[in-house]
Amino acid sequence: MATRATSPDRAAVFAPIPLRHKLYGFGSIYGKTIRDSRLAFIIAAGLLGGMSLVMGVAVSNIFPTEAARQEVDALFGSIPPSMMNLFGNVELIGSKVGTLGGYVTFKYGVIFALGTALWSVFALSGTLAGEAQRGSLDFVAAAPFGKRRIALEKVSAHLTLLALAMVVLAVMLTFSSNVFGQAALGDSISLLSSAGFALWVFFLALLFGGLALALSPLLGRAGSAGVAALAMAGTWLMTGLGVGGPLLALSPYSWTFDHVPLVGTYDWPPLALVAILGIVFLAIGVELFARRDLGVTAGFSLPATPAVFLGVHGPTARAFGEQLPRALAWGIGLGLIGILYSSLSGVLADQLGSAPSFQGVFEALFPGIDLASVGGWLQLYAELLYIAAGFAAATFVSRWASDETDGRLEVLLATPMARARWVVAGGAAALVATAAMTVLFAAGIGLGSASGGLDFGDAMLGCAALGLYAAAIVGVGFAVGGLWRTSLAAEIAALFVVATYLLDLVAPPLNLDALHELALTAHMGQPMLGQWDPTGVVACLVIAVGGILLGAWGMSRRDVAR
Amino acid sequence: MTSIIQLQKLTKSYGSHRGIIDIDLEVAEGEVFGFLGPNGAGKTTTIRTLLDLIRPTSGKALIFGIESTADPVAIHRRVGYLPGEFALYDRLTGVQHLEYFANLRGGVDKAYQASLIERFDLDPSRKFKEYSKGNKQKVALVIALQHRPELLLLDEPTSGLDPLVQQTFFTVLHESVAAGATIFLSSHILSEVEKTAHRVGIIRDGRLVKLGTIDDLRDLAHHQVELRFAGEVPAAAFEALPGVSEVAVDDHVLRMRVAGAITPVVQAAARYELLDFVSREPSLEETFLAQYGHEAVEVG
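**Focus on the overall build of chain B**
Each helix and strand counted, chain B has eleven helices and 14 strands in total. Expressed as lengths along the three principal axes of its C-alpha atoms, the size of chain B is roughly 75 × 40 × 40 Å. Burial analysis of chain B (300 residues in total) assigns 39% to the buried set. Summarising the internal contacts of chain B: among those between residues at least 6 apart in sequence, 69% fall at separations of at least 24.

Pasting the structure below:
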């Protein structure tokens, strides 16, 4: 019998999806991506906006007079010539380093750019490749629209949040400078200057994020993020240290070297070049995603963990096997930073020691840290790296939590393993992972110090402070995961890290001593100088061990989630 | 006979969401118990409560005579569990998974483990993330079986398995039962329960609505009879017959549902001029679906 395919008599009529759900929620891929990225956005915009606000308050308080500002101008003289450009175009910043705009550019400009670009790298390497690896992208791709549109919606969502974060940055810079800054000392930052700075940060993030997206169909999530992050850090160091020869021509930091908008110097054409290259990378990424097989990479991948470290002999070894790649990644990253920092510490300390007049300035900037000593500089780096160590710990918590959130815990707990043992084993593994990361960081500090002919004993031991802080964050995460829910354990641990960092950063210049006391990192002493504060050490150990035990107790009492 | 599983008014609620309500059930040693119900009926909630993965809101679950919340580790030592949905370690191979879970149990009989791998036709050298859905299921099955548990809790065990492996799986189950194991098999597929179970329980909306043997379920079967008359339809002559219900007339056609023997209907029909007589016995599957649907059924 012949059959005839026909259209339905009439198409089903559904209520239109509200626009607000298409923009945020489950009304579109764009809306869902925005929704999924809200925590990252809050952290990024909060840090950028918060730092901008704090800078306005802090600079006007620490350097209230013209004389104090002139001392800041002299800061440049203390930096070795070979390193002058690491933190911006010193020549163009010039005497304006004593203004709020110049100071922010010099001290935080590159950090803002690198941090934001790193967010983009992680977001854009993971938005398609990560979802493809998890398998959820198959469902999305089976929806009645093309892969190109899926990629475009996901990329657009990230760019929207990136742009919003930049608006926060620009508005807060202008607001802070005009409300808290001293106009007579040149602190006011116009909206054009703030926008110029935010655009520079935005386009650099666009470029390196776009590179990650373009590589992700070929290298997968980890590979593309690794290469893009390496390119981001490598080109910055090449430009800052003036190394790399002809390769310098490939550095977007070199192209935009003369764009210093916060001191009123603009160079728009190179910025446009960075933007164009970023868009090209994004287009390549979208096209590759549209044309290649879903989730199939080119076969390049990071080396696998050796079987001996995978740990199949018991729950602690198994949990450590899961943590090891993260511990190595964080440890090697921190170790490399440690090599760079510690190798420069001697030079910086000598420069400052030979210019006692600058010491007062630095004491105001970094109260309590003796930057005329090598250990003092290393201590400063340690203070800056507490946040990295804290985030590393949050990722260890996240890995442990995935046993429950991914559904493995069902199978594990059907064996003769008590719930408390699962928590304690996971906690022990996370602490060992923290120790491994700390050892690698200490090795980097030691190696860098040794290469500069410096004594490295105290500094290497001092790295344990970062490990102790990270261990405490592990404790916080395990307590939350065990007592309440593992799906929020890492997020709450990360929020604890951000809150601690901001407290430690904001409270001292504002003389909010009571508030500063709440920051765990305020009680660690100066371990890089061999001066330990037992309060902080004990607190970290108690929080680490107590948190894990509390988590074990809580886990024994609550339902296992699915 | 010793009860391996005893549920006493077992209730689990998730806040405002229904879980399971007042489940009373016993499974004897060496028995294969089929636990049937549609998706979301409460099958998995029941199993997770047995294993103390979730705690009862009220009531009790005793496994091997031990209350599930009192000493879950002692229970787990004697149990093999296959969850309905699970994830394992992406970076471990199949054999590493088996080794790990064997270690967690203090070791297993390697020869038996190897025989299971061979019978399920599992390539244990591949990483878990590279396995197909069916092969992941095989790994989980070997994990559940390799320590020769006294009680097997299996939630949708044949999901993703091809027919040949399913056949092997049922053979292994029969061997386990022959060796003294007790099996609690949760499924929404009647045919797989029918092949193995001695008794079944049907759960619907969190409540146990039927408990009995497979034959009891078959007794629920009925005939759908359709008679086409040459003349007017004598509906009244059939309505009063024993076992007849749901009588409906459509032009010259009479339809009815006949429970039990069909003889009275045949004898009554013989008194009229018939153009057609169609009698259809619903499959057990359809009977089972009827239990899922609207019919109120008794427990016990």
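The discussion continues.
**Here we look at the overall build of chain A**
If you tally the helices and strands in chain A, you get 22 helices and two strands. Per-residue burial for chain A yields a buried fraction of 49% across its 562 residues. The long-range fraction of contacts in chain A, counting pairs at least 24 apart against all pairs at least 6 apart in sequence, stands at 74%.

**Brief notes about the pairing of strand β8 (residues 182–187) of chain B**
Residue and element names in this part refer to chain B. Within β8, six of the six residues are buried, which leaves the element mostly enclosed by the surrounding structure. The alternating pattern of β8 places Thr 182, Phe 184 and Ser 186 and Ile 183, Leu 185 and Ser 187 on opposite faces, both of which are buried. Two elements, strand β3 (residues 32–36) and β8, share five bridges in a ladder whose sense is parallel. Bridge pairing in β8 places Val 32 opposite Ile 183. Two strands pair when backbone bridges link them, and strand β7 (residues 151–155) and β8 are joined in this way by five bridges, in the parallel orientation.

**Some remarks on the environment of Gly46(A)**
For Gly46(A), the position within the fold is in helix α3 (residues 38–62). For the pair Gly46(A) and Tyr103(A), spaced 57 residues apart in sequence, the C-alpha to C-alpha distance is 20 Å.

**Topic: the sheet that holds strand β13 (residues 253–259) of chain B**
Strands in a sheet are paired, the pairing made by backbone hydrogen bonds, and the direction either parallel or antiparallel. All names here are of chain B. In spatial order, the strands read β12-β13-β11-β14; together these four strands make up an open sheet with antiparallel pairing. Of all the strands in the sheet, just β12 (244–250) and β14 (274–280) have a single pairing partner and so form its edges. Strand-to-strand twist in this sheet, taken as the mean axis angle between neighbours without regard to direction, amounts to 15 degrees. The pairing of strand β11 (residues 222–229) with β14 spans six bridges and is antiparallel. What sits directly across from Arg 228, in β14, is Asp 276.

**A word on the nonpolar core**
Formed by 228 residues in total, the largest nonpolar core has its most connected members in Val201(A), Phe208(A), Val397(A), Tyr469(A), Ile473(A), Val474(A) and Ala493(A). When residues in this core are grouped by element, the largest group, 24 residues, is from helix α10 (residues 191–241) of chain A. Leaving out residues up to four positions away in the same chain, Val474(A) has contacts with Ala393(A), Phe396(A), Val397(A), Gly427(A), Ala430(A), Leu431(A), Thr434(A) and Ala544(A). Core analysis: the second largest hydrophobic core is formed by eight residues, Val225(B), Phe238(B), Leu254(B) and Val265(B) among them.

**Considering the interface of chain B and chain A**
The partner chain A presents 19 residues to the 24 residues of chain B that form the contact. If you list the elements that add at least two residues to the side of chain B that touches chain A, you get α2 (72–76), β6 (79–82) and α3 (94–104) of chain B. Considering each element in turn, the side of chain B that touches chain A owes the most residues, six residues, to α3(B). Its residues placed into classes, the side of chain B that touches chain A shows 15 nonpolar, three polar and six charged.

**Quick notes on the packing of α10(A) against helix α12 (residues 268–291) of chain A**
Residue and element names in this part refer to chain A. Taken N-terminus to C-terminus, the directions of α10 and α12 make an angle of 25 degrees; their axes are 7 Å apart at the nearest point. Between α10 and α12, the crossing angle belongs to the class labelled roughly parallel. In terms of crossing hand, the pair formed by α10 and α12 is left-handed. Residues Leu 199, Trp 200, Phe 203, Leu 204, Leu 206, Leu 207, Gly 210, Leu 211, Leu 213, Ala 214, Ser 216 and Pro 217 of α10 form the contact with α12, whose own contacting residues are Leu 271, Val 274, Ala 275, Leu 277, Gly 278, Phe 281, Leu 282, Ile 284, Gly 285, Leu 288 and Phe 289. Here the contact of α10 with α12 is composed, by residue class, of 19 nonpolar, four polar and no charged.

**Describing α3(B)**
Residue and element names in this part refer to chain B. Burial within α3 is extensive, with eight of its eleven residues counted as buried. Listed in full, the buried residues belonging to α3 are Gly 94, Gln 96, His 97, Leu 98, Tyr 100, Phe 101, Ala 102 and Leu 104. Once α3 ends, the next one or two residues include Gly 106, with phi positive near 80 degrees.

**Topic: the pairing of β12(B)**
Residues in a regular strand project their side chains so that they alternate between the two faces of the sheet. Residue and element names in this part refer to chain B. In the sheet, β12 pairs with β13 via five bridges, with the strands oriented antiparallel. Looking at the pairing, Val 249 lines up with Leu 254 of β13. With antiparallel pairing between neighbouring strands as the criterion, β12 and β13 make up a hairpin whose turn holds two residues, including Asp 251 at a positive phi of roughly 60 degrees.

**Side note on the packing of helix α6 (residues 100–126) of chain A against α10(A)**
Residue and element names in this part refer to chain A. Taken N-terminus to C-terminus, the directions of α6 and α10 make an angle of 35 degrees; their axes are 6 Å apart at the nearest point. At the point where α6 passes α10, the crossing takes the right-handed sense. Here the contact of α6 with α10 is composed, by residue class, of 24 nonpolar, ten polar and one charged.

**Quick word on the sheet that holds β7(B)**
Residues and elements named next belong to chain B. Pairing within the open sheet is mixed, and its six strands lie in the order β6-β7-β8-β3-β9-β10. Only two strands of the sheet have a single partner each, and these edge strands are β6 and β10 (207–213). Across the sheet, the mean angle separating the axes of adjacent strands is 15 degrees when strand polarity is ignored. Docked against the sheet, helix α1 (residues 43–50) engages β3, β7, β8 and β9 (199–204), running at close to 150 degrees with respect to β7. Lying on the sheet, helix α5 (residues 133–145) is in contact with β6 and β7; it crosses β6 at an angle near 165 degrees.

**Here we look at unusual backbone geometry**
Most peptide bonds take the trans form, and the phi angle of most residues other than glycine is negative. All names here are of chain B. Unusually for a residue other than glycine, Phe 64 sits at a positive phi of about 55 degrees. Mapped onto the secondary structure, Phe 64 falls in the loop between β4 (58–63) and β5 (66–67). By the C-beta count within 10 Å, which is 19 here, Phe 64 ends up partly exposed. One non-glycine residue with positive phi stands out, namely Glu 246, at about 50 degrees. Along the chain, the position of Glu 246 falls in strand β12. Owing to 10 C-beta atoms within 10 Å, Glu 246 belongs among the exposed residues under this scheme.

**Some thoughts on the confidence of the model for chain B**
Residues and elements named next belong to chain B. Summing up the model confidence of chain B, the mean pLDDT is 88 and the portion of residues at 70 or higher is 92%. Considering only residues more than four positions removed or in separate chains, one finds that residues 294–300, a stretch of pLDDT under 50, has nine contacts. The ipTM assigned to the predicted complex is 0.70, against a pTM of 0.75.

**So, the environment of Ser224(A)**
Residues and elements named next belong to chain A. Take Ser 224: it is sitting in helix α10. Overall, Ser 224 belongs to the buried group, with 27 C-beta atoms counted inside 10 Å. Between the C-alpha atoms of Ser 224 and Val 374, which are 150 residues apart in sequence, the distance is 37 Å. Once residues lying within four places of it in the same chain are set aside, the contact partners of Ser 224 are Ser 125, Ala 129, Ala 212, Leu 215, Ser 216 and Leu 219.

**Structural notes on the environment of Ala283(A)**
Residue and element names in this part refer to chain A. With respect to the helices, strands and loops of the structure, Ala 283 is situated in helix α12. Assessed through the 16 C-beta atoms surrounding it within 10 Å, Ala 283 is described here as partly exposed. Taking C-alpha positions, Ala 283 is 9.7 Å from Ala 151, a pair spaced 132 residues apart along the chain.

Parameters at a glance
Residues numbered from 1 in each chain as written. Chains lettered and ligands numbered in written order. Predicted model: local features only at pLDDT ≥ 70, side-chain atom pairs only at ≥ 80, totals over all residues. Helix = DSSP H or I, 4+ residues; strand = E, 2+ residues; numbered from the N terminus. Buried ≥ 20, exposed ≤ 12 C-beta atoms within 10 Å, placed from the backbone. Contact = placed C-beta atoms within 7 Å. Pairing = 2+ DSSP bridges. Axes fitted to C-alpha atoms, helices over the stretch in contact; angles between N-to-C directions. Core = buried A, V, L, I, M, F, W, Y, C linked by C-beta atoms within 7 Å. Nonpolar A, V, L, I, M, F, W, Y, C, P; charged D, E, K, R; others polar. Parallel < 35°, antiparallel > 145°, perpendicular 65-115°, else oblique. Left-handed = near helix turned anticlockwise from the far one by under 90°. pLDDT = per-residue confidence, 0-100.

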